[in-house]
Amino acid sequence: MTMAAKMLYRPVGILVGMAGGALASAVFRKVWKATGHDNDVPQPMDEHRTWREVLPAAALQGAIFALVKAAVDRGGATGVRRLTGTWPG
């Protein structure tokens, strides 16, 4: 990939990454509610929440964010290859 193509891909990658983060947040909230929890996701620094509440929520959130990030990154790279004929990176 040429330097110019990399420079053009960078802002697009940032925007797609931000959209992926918003998507991951929305998916996490829906999954959290679907598992029978209230709208209040346990925060690690909330002294009124237990370890048994905080750690599973963090693990679920991390898994969803990693999945969405991988899908967005892979989709973006595939799109760039279709447009330019080269794989970014």
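Residues numbered from 1 in each chain as written. Predicted model: local features only at pLDDT ≥ 70, side-chain atom pairs only at ≥ 80, totals over all residues. Heavy atoms only, no water.

1. Some remarks on the overall build of the chain
We count it as follows: Numbering of helices and strands runs from the N terminus; a helix is a DSSP stretch of H or I covering at least four residues, while a strand is a stretch of E covering at least two. In this treatment the radius of gyration is a C-alpha quantity, and the globule benchmark scales as 2.2 Å times the residue count to the 0.38 power. Each residue is placed in one exposure class: buried if its accessible area under a 1.4 Å probe, protein chains only, is under 20% of its type's maximum, exposed if it is over 50%, and partly exposed if it falls in between. When checking whether two residues touch, look at their non-hydrogen atoms; a contact exists if any pair is within 4.5 Å. The protein chains shown are the only cover counted for residues, whose accessible areas, like all others here, come from Shrake-Rupley with a 1.4 Å probe. The positive count covers Lys and Arg only, the negative count covers Asp and Glu only, and His and the chain ends enter neither. The location of each charge is read from NZ of Lys, CZ of Arg, CG of Asp or CD of Glu.
Scanning the chain from terminus to terminus reveals two helices and zero strands. In terms of C-alpha radius of gyration, the chain reaches 17 Å, well past the compact-globule figure of 12 Å for 89 residues. For the chain, the proportion of its 89 residues judged to be buried stands at 19%. For the chain, the share of sequence-separated contacts (at least 6 apart) that also reach a separation of at least 24 residues comes to 55%. Carbon and sulfur atoms form 65% of the exposed surface of the chain, whose accessible area is close to 6,700 Å². Side-chain charges in the chain split into 11 positive and 6 negative, and the spacing between the mean points of these groups amounts to 20 Å.

2. Observations concerning the pattern of salt bridges
So the rule is basically this: Each salt bridge in this description consists of a side-chain nitrogen of Lys or Arg and a carboxyl oxygen of Asp or Glu lying within 4 Å of one another.
Enumeration over the complete set of coordinates arrives at four salt bridges. Taking the shortest distance from any N to any O, the salt bridge between Lys69 and Asp73 comes out at 2.5 Å. One end of the pair, Lys69, and the other, Asp73, are both in helix 2 (residues 51–84), four residues apart, so they sit about a helical turn from each other. Through salt bridges with shared partners, a single network forms among Asp40, Asp46, Arg49 and Glu53.

3. Some remarks on the environment of Trp32
Tracing the sequence through the fold places Trp32 in helix 1 (residues 3–34). Sequence-distant contacts of Trp32, defined by excluding residues within four places in its chain, comprise His37, Asp38, Asp40, Val41, Pro42, Ala57 and Leu60.

4. Here we look at the nonpolar core
The following threshold applies: Among buried residues, the Ala, Val, Leu, Ile, Met, Phe, Trp, Tyr and Cys ones that are joined through side-chain atoms within 4.5 Å form a nonpolar core.
Ala24, Phe28, Trp32, Val41, Ala57, Ile64 and Val68 form the largest nonpolar core, which has seven residues in total. Every element with two or more residues in this core is listed here: helix 1 and helix 2. When residues no more than four places from it in sequence are discounted, the contact partners of Ala57 are Phe28, Trp32, Val41 and Pro42.

5. Topic: a nonpolar patch on the surface
Defined as follows: Patch construction takes residues with relative accessible area above 30% that form no salt bridge. Like charges are linked within 9 Å, and nonpolar side chains (Val, Leu, Ile, Met, Phe, Trp, Tyr) are linked within 5 Å.
Together, Ile14, Leu15 and Met18 make up a nonpolar patch on the protein surface, roughly 340 Å² of accessible area in all. Mapped onto the elements, Leu15 comes out in helix 1. The exposure class assigned to Leu15 is exposed, which follows from its relative accessible area of 57%.

6. Details of helix 2
Formally: Expected span of a helix: the number of residues minus one, times 1.5 Å.
For helix 2, built from 34 residues, the straight-helix expectation of 50 Å at 1.5 Å per residue is met to within 8% by its first-to-last C-alpha distance of 48 Å. All buried positions along helix 2 are accounted for by Val54, Ala57, Ile64, Val68, Gly76, Ala77, Thr78 and Val80. Following helix 2 by one or two positions, Gly85 adopts a phi angle in the positive range, close to 85 degrees.

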